[in-house]
Amino acid sequence: QVQLVESGGGLVQAGGSLRLSCAASGRTFSNCAMGWFRQAPGKEREYVAAINSNGDNIYSTDSVKGRFTISRDNAKNTVYLQMNSLKFEDTAVYYCAARYVSPIGLGSPYGYTYWGQGTQVTVSS
């Protein structure tokens, strides 16, 4: 079992930065790939970024490349999403998710078993 708690969301002006954190409980965090998803009102959930279990492989969707960076600290059981140059269209509830190491490639949004409760990110234009 993995329990996930996100933090770091808030209100920021366009062009600003936020860093989201996702703290995981359980001893199996280092065996999990971690992902960040987001969902804006009226839109489908979007797969934003992912990182493999030891942090040496990452994925990010095209719309955030060069602006968002995913990282993890297995000693702290925490995954981060550094968001720079935020845009109004980044406004959404952001969720972190975990899946055990599997053959599923990082670019696939499937297979995530554990989810956090979400944290709101609001970017004012």
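Residues numbered from 1 in each chain as written. Predicted model: local features only at pLDDT ≥ 70, side-chain atom pairs only at ≥ 80, totals over all residues. Heavy atoms only, no water.

Trainee: It is not clear to me how the overall build of the protein chain should be interpreted in this structure. Could you clarify?
Mentor: The helix and strand inventory of the protein chain stands at 0 helices and 11 strands. Here the C-alpha atoms of the protein chain give a radius of gyration of 13 Å, agreeing with the 14 Å that 2.2 N^0.38 yields for 125 residues. Across its three principal axes, the protein chain shows a C-alpha extent of roughly 40 × 25 × 25 Å. Counting the 125 residues in the protein chain, one finds 46% classified as buried. Within the protein chain, counting contacts between residues at least 6 apart in sequence, those at least 24 apart form 58% of the total. Looking at the protein chain as shown, the accessible area adds up to about 6,400 Å², and 49% of this sits on carbon and sulfur atoms. In the protein chain, 11 side chains carry a positive charge and 8 a negative one; their mean positions are 4 Å apart. (Helix = DSSP H or I, 4+ residues; strand = E, 2+ residues; numbered from the N terminus. Rg over C-alpha atoms; globule rule 2.2 N^0.38 Å. Buried < 20%, exposed > 50% of the residue type's maximum accessible area, 1.4 Å probe, protein only. Contact = heavy atoms within 4.5 Å. Areas by Shrake-Rupley, 256 points an atom, 1.4 Å probe, with all protein chains shown as cover. Lys, Arg positive; Asp, Glu negative; His and termini not counted. Charge placed at Lys NZ, Arg CZ, Asp CG, Glu CD.)

Trainee: Explain the sheet that holds strand β7 (residues 68-73) to me, please; I cannot follow it from the model alone.
Mentor: Neighbouring strands of a sheet are bound in pairs by backbone hydrogen bonds; such pairs are parallel or else antiparallel. Read across the open sheet, the 4 strands follow the order β1-β3-β8-β7; overall the sheet is antiparallel. This sheet does not close on itself; its edge strands, each paired only once, are β1 (3-7) and β7. Shown here is a sheet whose adjacent strand axes are inclined to one another by a mean of 15°, direction ignored. The pairing of β7 with strand β8 (residues 78-83) spans 6 bridges and is antiparallel. By the bridge assignment, I70 is partnered in β8 with L81. (Pairing = 2+ DSSP bridges. Axes fitted to C-alpha atoms, helices over the stretch in contact; angles between N-to-C directions.)

Trainee: Just to check I follow, could you spell out the side chain of R38 for this structure?
Mentor: Inspection of the secondary structure puts R38 in strand β4 (residues 32-39). Take R38: its relative accessible area is 7%, and that puts it in the buried class. Within polar-contact distance, the side chain of R38 engages the side chain of D90 at 2.9 Å. Only 2.9 Å separates the side chain of R38 from the side chain of Y94, close enough to count as a polar contact. Apart from the residues within four sequence positions on either side, R38 is in contact with E44, R45, E46, V48, S63, V64, F68, E89, D90, A92, V93 and Y94. (Polar contact = N/O pair within 3.5 Å; in protein donor to acceptor, adjacent residues only side chain to side chain.)

Trainee: What should I look at first to understand the packing of aromatic side chains in this one?
Mentor: Following the criterion strictly, the structure yields 7 aromatic pairs and no others. Here a set of aromatic residues connected by ring pairs shows up, and it is made of F37, Y47, Y59, Y112 and W115. If you follow R45 out to its NZ or CZ, it ends over the ring of F37, 5.3 Å from the centre. Over the aromatic face of F29 sits the side chain of R72, whose NZ or CZ is 4.4 Å from the ring centroid. (Phe/Tyr/Trp six-rings, centres within 6.5 Å; stacked < 30°, edge-to-face > 60°. Lys NZ or Arg CZ within 6 Å of the ring centre and 35° of its normal.)

Trainee: I would appreciate a short explanation of the pattern of salt bridges in the present structure.
Mentor: Two side chains of opposite charge can pair, provided their charged atoms sit close to one another. In total, this model carries 4 salt bridges according to the counting rule given. A salt bridge links R38 to E46, with the shortest nitrogen-to-oxygen separation between them at 2.8 Å. Linked through salt bridges whose partners overlap, the residues forming this network are R38, E46, R67 and D90. (Salt bridge = Lys/Arg side-chain N within 4 Å of Asp/Glu carboxyl O.)

Trainee: Help me understand the environment of N74 in this model?
Mentor: The residue N74 is located in the loop between β7 and β8 in this model. Under the relative-accessibility criterion, N74 is labelled partly exposed at 28%. Remark: the alpha-carbon pair of N74 and I51, spanning 23 residues in sequence, is separated by 12 Å. If we skip the residues at most four places from it in the chain, N74 touches F29, S30, S53 and N54. Separated by 3.0 Å, the side chain of N74 and the backbone oxygen of S53 make a polar contact. In terms of polar contacts, N74 uses its side chain to reach the side chain of R72, at 2.7 Å.

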